[in-house]
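Observations on the three-dimensional arrangement
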Amino acid sequence: MGLDWGVGRYETTAEELSPVAAAVVERAAISSGDRVVDVGCGTGNAALLAAQRGAQTTGVDPAARLLEVARSRAAESGVTATFVQGDAASIPVATAGADVVLSIFAVIFAPDPGAAAAEMARVTAPGGRILLTAWIPEGAIQDCVGIFQKAVAAAIGRPAGPPPFAWHEQSALASLFAPHGFSVAVEPEELVITASSAREYLAIQGRDHPMSIAGRALLESRGEAEGVGGRALAVLEAANEDPTAFRVTSRYVVATATRA
Ligand SMILES: C[S@@+](CC[C@H](N)C(=O)[O-])C[C@H]1O[C@@H](n2cnc3c(N)ncnc32)[C@H](O)[C@@H]1O
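The notes below deal with the structure included here. Note that residues are indexed from 1 along each chain, following the sequence as it is written. The predicted origin of the model limits local features to residues at a pLDDT of at least 70 and limits the giving and counting of side-chain atom pairs to 80 or more, whereas totals for whole chains, interfaces and linings rest on all residues. Side-chain numbers here rest on the full set of heavy atoms in the structure, without hydrogens or water.

Re the nonpolar core
Keep this limit in mind: Take the buried Ala, Val, Leu, Ile, Met, Phe, Trp, Tyr and Cys residues and link them wherever side-chain atoms come within 4.5 Å; each set so joined is a nonpolar core. Accessible area is worked out with a 1.4 Å probe on protein chains only. A residue is then buried under 20% of its type maximum, exposed over 50%, and partly exposed in between. The numbering of helices and of strands both runs from the N terminus, where a helix is a DSSP run of H or I of at least 4 residues and a strand a run of E of at least 2. Should any heavy atoms of two residues lie within 4.5 Å, those residues are considered in contact.
In terms of nonpolar packing, the biggest core is built from 37 residues, with Ile30, Leu102 and Leu236 touching the most fellow members. Every element with two or more residues in this core is listed here: helix 1 (11–27), helix 2 (45–52), strand 4 (98–104), helix 5 (139–155), strand 6 (182–195), helix 7 (198–208), helix 9 (225–239) and strand 7 (246–259). With six residues, helix 1 is the single largest residue contributor to this core. Once residues within four sequence positions are removed from consideration, Ile30 is found in contact with Val25, Val36, Ala50, Arg53, Ala55, Val100 and Leu102.

Structure representation (structure tokens):
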């Protein structure tokens with residue numbers, strides 16, 4: 001079983017990523033009556049925005065606690081949306097049951113990209129579209145993630161595997177979705193991330209982010225947490241765009257797959 005994103009407080013990251021959900025829902029041109037499925041919905045950022053536009057919305061995620069948070073947010077904001085447990089490779093939605101399938105930094109975590117793409121294609125109705133986002137593997141935040149991931153992999157003695165699927169590359173996505181009759185367009189975008197300092201940003205990530213929490217205990221038990229954290233801090237400080245606080249710009253793509 002993979003990481004449980006319900007551990008920690010993913011809500012912090014959800015807030016940071018909320019401009020992306022807004023941009024993607026806008027780009028998807030979701031309108032009233034559309035059937036929308038948000039794959040890896042987390043706390044419901046995109047699903048709730050789609051529901052606010054009058055779409056019949058279903059959020060799907062493996063993390064039970066995050067689905068509970070999404071349900072509470074829907075109730076608090078008075079919108080109707082359904083949140084169900086599921087996985088990108090097993091979406092609990094009927095074949096051709098969605099006009100729009102969204103996945104904001106979520107299907108990128110699926111262990112089998114081919115199975116996830118096939119499943120997203122299955123639920124997309126003829127004439128429908130899939131919009132997903134993926135980080136471009138560059139920049140300070142991605143470099144920090146890489147530092148932690150390498151340290152954790154070394155700590156557990158996991159040999160370096162093949163490079164991860166290139167969810168940010170048009171050609172990779174085109175190969176993935178072409179067998180299902182989709183063509184893919186990719187647009188680069190940017191997300192600005194801020195905090196009062198690089199040190200505070202790192203501390204918040206360490207405290208709240210499910211991935212950091214999972215790795216930190218291991219690195220602490222080996223006495224490596226401080227050294228790894230120091231390397232990550234140096235990367236963030238070198239990339240800081242704001243001399244009075246902390247600001248970095250992370251680049252990502254919005255990929256749109258439409259039935260050819
Ligand atoms: C970075 S969060 C993004 C959440 C949400 N889309 C947002 O914009 O805030 C990644 C999400 O992907 C979910 N996830 C991880 N593996 C998944 C999989 N195989 N299929 C579907 N969702 C998955 C996690 O549970 C988590 O909610």
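Things to note about unusual backbone geometry
Its identity as a non-glycine residue notwithstanding, Ala29 has a phi of 50°, on the positive side. With respect to the helices and strands, the residue Ala29 is situated in the loop between helix 1 and strand 1 (35–39). Among the residues examined, Ala29 registers a relative accessible area of 48% and is labelled partly exposed. Unusually for a residue other than glycine, Phe105 sits at a positive phi of about 45°. Counting through the fold element by element, Phe105 comes out in the loop between strand 4 and helix 4 (113–123).

Considerations on the pairing of strand 2 (residues 56–61)
Quick reminder of the rule: Strands are treated as partners if at least two bridges between them are detected by DSSP.
Here strand 2 lies mainly inside the structure; five of its six residues are buried. Examined bridge by bridge, strand 1 and strand 2 share five bridges and lie parallel to one another. Bridge pairing links Val39 to Val60 in strand 2. Summarising the sheet, strand 2 and strand 3 (residues 82–85) pair through four bridges and their orientation is parallel.

Describing the packing of helix 5 against helix 9
What counts here: The axes are straight lines fitted to the C-alpha atoms, using for helices just the contacting stretch, and the angles between their N-to-C directions are given from 0 to 180°. Here is the rule for angles: anything less than 35 degrees is roughly parallel, anything more than 145 is roughly antiparallel, 65 through 115 is roughly perpendicular, and the remaining ranges are oblique. Ten residue types, Ala, Val, Leu, Ile, Met, Phe, Trp, Tyr, Cys and Pro, are classed as nonpolar, four, Asp, Glu, Lys and Arg, as charged, and the remainder, Gly among them, as polar.
At a minimum axis separation of 9 Å, helix 5 and helix 9 run at an interaxial angle of 170°. By the criterion of interaxial angle, the relationship of helix 5 to helix 9 is roughly antiparallel. For the pair formed by helix 5 and helix 9, the contact residues are Ala140, Ile141, Asp143, Cys144, Ile147, Phe148 and Ala151 on the first element and Val228, Gly229, Arg231, Ala232, Val235, Leu236 and Ala239 on the second. Residue classes in the contact of helix 5 with helix 9 are distributed as 11 nonpolar, one polar and two charged.

A word on the site of the ligand
Heads up, the condition is: We call a residue near a molecule or strand when any one of its heavy atoms sits within 4 Å of it. Counted as a polar contact is a pair of N or O atoms within 3.5 Å, where, for protein atoms, one must be capable of donating a hydrogen and the other of accepting one, and residues adjacent in sequence contribute only when both atoms are in side chains. For the accessible areas, the method is Shrake-Rupley and the probe is 1.4 Å, while residue cover comes only from the protein chains on display.
Near the ligand, the surroundings consist of 18 residues, among which Tyr10, Gly40, Asp61, Ala88 and Ile104 are the closest. Residue Tyr10 places a side-chain N or O atom 2.7 Å away from an oxygen atom belonging to the ligand. Within the backbone of Gly40, an N or O atom sits 2.8 Å from a nitrogen atom of the ligand. Protein contact buries 95% of the 600 Å² of open area that the ligand shows by itself.

Examining the pattern of salt bridges
Going by this rule: When a carboxyl oxygen of Asp or Glu lies within 4 Å of a side-chain nitrogen of Lys or Arg, that pair is called a salt bridge.
A full pass over the atoms with the stated rule returns 11 salt bridges. With a closest N to O distance of 3.1 Å, Arg222 and Glu224 form a salt bridge. On the basis of relative accessible area, Arg222 is assigned to the partly exposed category, the value being 43%.

A few points about helix 4
Listing the buried residues of helix 4 in full gives Pro113, Ala116, Ala117, Glu119, Met120, Ala121 and Val123. Its buried side turned inward, helix 4 meets strand 4, strand 5 (124–135), helix 6 (170–177), strand 6 and strand 7.

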